[in-house]
Amino acid sequence: MDNWTQTLGAGPLLGIAAGAIALILVLVIVFKLHAFLTLIIVSALTAIATGIPTSEIANTLISGFGSTLGTVALLVGLGAMLGRLVESSGGARVLADKMIEVFGEKRAPFALGIASLIMGFPIFFDAGLIVMLPIVFAVARRMGGRSLLLYGISAAGAFSVMHVFLPPHPGPVSATDLLGANIGIVLLAGLIVAFPLWYVSGYLWAKVANARNPLPVLSLFGDEKDDVQAENPPKASTVMLILAVPLVLILMNTLFTTLGTFGAVDTENPVVQALVFVGTSSIALLISVLVAAFVLGRARGVRGSALEKTLESALGPICSVVLITGAGGMFGGVLRTSGIGDALSQTLGDLGLPVVVAAWLIAAILRLAQGSATVALVTAAGLVAPAVAAADYNPVQLAAVVLATAAGSVFAGHVNDSGFWLVGRLMGMDVKTTLKTWTVQQAIESLMGFAPGVIV
């Protein structure tokens, strides 16, 4: 691939991408072809249409699939095991009851969203969502079982807001560096806008989406009879401490990584390296599963083959989620390899728009075209960096440009984004429903996040 150069311009590439997306929607919605097969077929056709060398198409498909799967499979698999242990022990039901007791039935979605905002500060979007879903499902089931989106979108929207707008998540950190902004001011600005962004795009939109699309709660981590039959359920405080394990470990990773960036700690120190390692998302979840297996399993008399079967039962339901999400990453990877991002970058680089508007628009178009929010954010930030440097902005204005670029990068995630498939499948939505709920949520979040940049 190093010797291959894309000869098609932005126009033809955009046309191919639009045609590929339309084909996915037709095959899945109209012809009811399984999403996994659809994504593989369309990915291969897109690779051919964009001129990727035939000898490299298979490698391109596998690379896009594998790079997504490597992260997603570990997180979803370990998260499902953790969720199954919490659910089968009766812990999810106990915690749901406690939340409803403390906050009341009407405030339960709000409380779940606030908890997700807090968890989303150090934890990446997909890992945080997996950890929170057992509680989301338990609360939704406790409240009648037909209001999944009210709780699910509220929680997922919170994780999305934190992941997109706040350091130390990789997108905003990279954009802050490229645009020469002060990371402390970006963090403060992100914290100021995070709650109103989530309240409208997550909480309020979840109410609308749920009213239009009442969905039953999945049995991804177990079902209602597990809660009823669970003997000697753990205390709510025990469950909260177990769920706090990955949060603390990942926060520790974030803290030491950030301090190392500023030279405040020695990143070559073996102790620091060990703490960063155990705070890696997948390792933190692994440790959490082991802790849960002991506290919720062995310590309650569930051991040996019974504990093994409990963990094994968690993996079957999430196989489809993992494979479809990996295939979504494959499609996005093909679009990126085809050079559509580079072609768009060259075309959009000189729009003659105000810098903050250009930053949002470039990031939004790149997001729509190739799927990855991080790629869209970093690419857009790099494109507008010279104009930002020439504008002589003050630190607050620089932070506003970073947030505007981040807002553009989350705009209307759809079928070329692996996160679209992850959210949709974890919540049991078909493609049409995911477009009407999650894609719209991402669009609202993007437009609202753009507003502060324009005002400043």
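That block above? That's the structure.
Residues numbered from 1 in each chain as written. Predicted model: local features only at pLDDT ≥ 70, side-chain atom pairs only at ≥ 80, totals over all residues. Heavy atoms only, no water.

(A) Up close: the packing of aromatic side chains. For the structure on display, the rule yields 14 aromatic pairs. A ring pair is formed by tryptophan 198 and tyrosine 199, whose centres lie 6.4 Å apart and whose planes are at 70°; its orientation type is edge-to-face. Judged by its relative accessible area of 0%, tryptophan 198 is buried. On the basis of relative accessibility, which here comes to 31%, the residue tyrosine 199 falls in the partly exposed class. (Phe/Tyr/Trp six-rings, centres within 6.5 Å; stacked < 30°, edge-to-face > 60°. Buried < 20%, exposed > 50% of the residue type's maximum accessible area, 1.4 Å probe, protein only.)

(B) Expanded view of the layout of surface pockets. The calculated volume of the largest pocket comes to roughly 790 Å³. Secondary structure elements with two or more residues in the lining of the largest pocket: helix H3 (54–88), helix H6 (125–142), helix H7 (148–165), helix H8 (170–179), helix H15 (319–337), helix H18 (373–391), helix H20 (418–426) and helix H21 (431–455). The class makeup of the residues in the lining of the largest pocket is 13 nonpolar, 18 polar and four charged. Looking at the second largest pocket, it is lined by 33 residues, and the ones nearest its centre are Pro168, His169, Val173, Thr254 and Thr258. (1 Å grid on protein atoms, 1.4 Å probe; cavity = no way out; pocket = protein on both sides within 12 Å on 5 of 7 lines; lining within 4 Å. Points joined across faces, edges and corners; volume = space filled by probe spheres on them. Helix = DSSP H or I, 4+ residues; strand = E, 2+ residues; numbered from the N terminus. Nonpolar A, V, L, I, M, F, W, Y, C, P; charged D, E, K, R; others polar.)

(C) How the structure looks around the environment of isoleucine 62. Among the structural elements, isoleucine 62 can be located in helix H3. Accessibility expressed as a relative area gives 57% for isoleucine 62, which makes it exposed. Each C-alpha atom of the pair isoleucine 62 and serine 282 lies 22 Å from the other, and the pair is 220 residues apart in sequence.

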